Amino acid sequence: MKHLRLLRRENRRQVVCDLLLWLVLGIFIAAMGPDPFRDPAAFGMVTVPRVALGAVAVLVGRRWPLAALMLLLPLGPWRFSEGFATVDLSWLVPRRNVKILPLLPTSPFVMWYAYLTGQRLIRIWPALAAFCVIVAFGVISVLAMGGDLGLWVAMVTGLIGTYLVPYLLGLLRRGLLQQRRQARLAAEAQARLRERARIARDMHDSLGHDLALIAVRAAGLELAPGLDPAQAKAAGELRVAAADATERLRQIIGLLREDSDAPPLSPVDEDVPELVRRARDSGMTITFDLAGGTIPGLARAVVQEGLTNAAKHAPGAAVHVTVTPHRVSVRNGPASSRPTARPGGSGLTGLRERVRLVGGTLTAGPAAGGFELAVELPRTGEEDPRRSGGDQTSGPRSSEHE
């Protein structure tokens with residue numbers, strides 16, 4: 001019952017295709033046999049069993065093409081009167097017209113199932129065993145016809161052209177399909193890595209910024225007048241805990257981003273003025289200069305990274321944020337208290353890649369006793385020198401800020 005279920009067709013289209021295939025195969029088989037009008041008895045004894053054999057071959061061929069190939073073995077290229085070409089071997093044997101690659105009306109069907117065997121059969125040894133049986137059948141056929149050299153030539157070329165070449169083409173097709181499948185799986189895996197990197201960098205940008213603001217608030221409470229020693233100690237512990245959480249976040253994000261250098265594609269869920277307002281509310285001293293009226297797309301990421309670095313590495317420092325249509329900068333002065341986090345670098349690395357992809361340049365380094373993060377963005381219509389063969393760096397890297 002299990003095998004019968006395997007023979008079922010998945011849809012009506014497969015049923016119709018197989019019925020048409022059997023009908024055409026039956027017509028070709030009938031063309032090879034006795035005339036049903038002149039010799040009905042011979043037609044019934046020869047052609048009808050062959051047509052039935054073809055029906056069984058079509059029935060099992062979709063699931064087991066090798067079985068169909070063996071069922072069609074009696075209908076193979078064992079008649080050597082017609083062929084793809086002829087060769088004159090009279091200098092070697094007393095036969096002039098030796099057939100090369102004998103062809104019968106049923107040969108295309110045999111070739112088709114040989115091709116399907118190569119394409120679908122995973123193991124090699126069943127096909128090798130079947131080919132040995134086919135060779136033995138061909139040898140017996142040649143010996144039954146006399147066994148001269150011309151028949152051997154016809155038989156060998158028939159085996160190669162009808163069985164071996166289609167099978168090898170099927171193997172080639174299967175290899176190409178496997179390569180295409182592997183390439184697709186590799187592309188999907190790379191897409192998953194890029195998405196993982198995007199999520200990781202989004203987490204780094206947003207959570208790291210929030211933790212830095214928490215540390216700033218805690219540092220402000222720690223130094224606030226009127227607190228008793230226990231409260232000041234609690235505020236200090238909160239500041240240290242925020243710094244430790246930032247470091248653990250950086251380590252976790254590093255694991256998530258491992259083996260992927262894809263740039264983040266963070267959605268703009270908060271505009272730059274709101275970002276600055278939140279940082280001010282946390283206790284940071286910020287001056288904000290917006291010129292030109294147009295905020296570039298990367299401004300939020302640049303400002304968030306600059307404010308986060310200032311909060312972590314220069315607590316208490318005054319920060320100046322400047323946003324123009326083609327330049328975004330965040331500059332902080334000297335720190336008035338000890339940093340709340342250790343230097344990392346992952347934030348600047350991701351931001352540097354994002355800026356590079358839009359054709360801009362990023363510089364980050366010491367400035368006037370503090371630190372400045374600046375991004376130059378190309379004007380509309382300007383060509384990125386890196387894409388036109390120019391050599392342009394994205395600014396010096398710094399180990400002072402993350």
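(A) Molecular detail of the overall build of the protein. The helix and strand tally for the protein stands at eleven helices and seven strands. For the protein, buried positions account for 39% of its 402 residues. For the protein, restricting intrachain contacts to residue pairs at least 6 apart in sequence, the fraction spanning at least 24 positions comes to 72%. Carbon and sulfur atoms provide 62% of the accessible area of the protein, an area that totals close to 22000 Å².

(B) A look at unusual backbone geometry. Even without glycine at this site, Leu 101 takes up a positive phi of about 55 degrees. Tracing the backbone shows Leu 101 in strand β2 (residues 98–102).

(C) Geometry of the environment of Leu 213. With respect to the element layout, Leu 213 can be found in helix α7 (residues 149–223). Linking Leu 213 and Arg 278, residues 65 residues apart in sequence, is a C-alpha distance of 8.5 Å. Not counting residues within four places of it along the chain, the set of residues in contact with Leu 213 comprises Arg 278, Ala 279, Ser 282 and Met 284.

(D) Spotlight on the pattern of salt bridges. According to the stated counting rule, one finds seven salt bridges in the structure shown. Residue Arg 277 pairs with Asp 281 through a salt bridge whose shortest N-O separation is 2.5 Å. Taken as a pair, Arg 277 and Asp 281 lie in helix α9 (residues 272–281) at a separation of four residues, close to a single helical turn. Residue classification places Arg 277 among the partly exposed residues on the basis of a relative accessible area of 39%. A relative accessible area of 43% means that Asp 281 is categorised as partly exposed. Between Glu 353 and Arg 356 there is a salt bridge, with its nearest N and O atoms 2.5 Å apart.

(E) Structural view of the packing of α9 against helix α10 (residues 299–313). Orientation of α9 relative to α10, taken along the N-to-C sense of each, is 15 degrees, at an axis distance of 9 Å. With respect to α10, the axis of α9 lies roughly parallel. For α9 against α10, the interelement crossing comes out right-handed. Contact with α9, carried on its side by Val 272, Leu 275, Val 276 and Ala 279, involves Ala 299, Arg 300, Val 303, Gln 304 and Leu 307 of α10 and no other residues of that element.

(F) How the structure looks around the sheet that holds strand β6 (residues 361–367). Reading across from one edge, β3-β4-β5-β7-β6 is the order of the five strands in this open sheet, with mixed pairing throughout. Single-partner strands in this sheet number two, and they are β3 (285–290) and β6. For this sheet the average axis-to-axis angle between neighbouring strands, irrespective of direction, equals 10 degrees. Of the pairings in the sheet, the one linking β6 to strand β7 (residues 370–376) comprises seven bridges and is antiparallel in character. Counterpart to Leu 362 in the pairing with β7 is Val 375. Relative to the sheet, α9 contacts β3 and β4 (318–323), its axis offset from that of β3 by approximately 165 degrees. Packed onto the sheet, α10 meets β3, β4, β5 (327–332) and β7 and runs at close to 10 degrees relative to β5.

Quick notes on the rules
- Residues numbered from 1 in each chain as written.
- Predicted model: local features only at pLDDT ≥ 70, side-chain atom pairs only at ≥ 80, totals over all residues.
- Heavy atoms only, no water.
- Helix = DSSP H or I, 4+ residues; strand = E, 2+ residues; numbered from the N terminus.
- Buried < 20%, exposed > 50% of the residue type's maximum accessible area, 1.4 Å probe, protein only.
- Contact = heavy atoms within 4.5 Å.
- Areas by Shrake-Rupley, 256 points an atom, 1.4 Å probe, with all protein chains shown as cover.
- Salt bridge = Lys/Arg side-chain N within 4 Å of Asp/Glu carboxyl O.
- Axes fitted to C-alpha atoms, helices over the stretch in contact; angles between N-to-C directions.
- Parallel < 35°, antiparallel > 145°, perpendicular 65-115°, else oblique.
- Left-handed = near helix turned anticlockwise from the far one by under 90°.
- Pairing = 2+ DSSP bridges.

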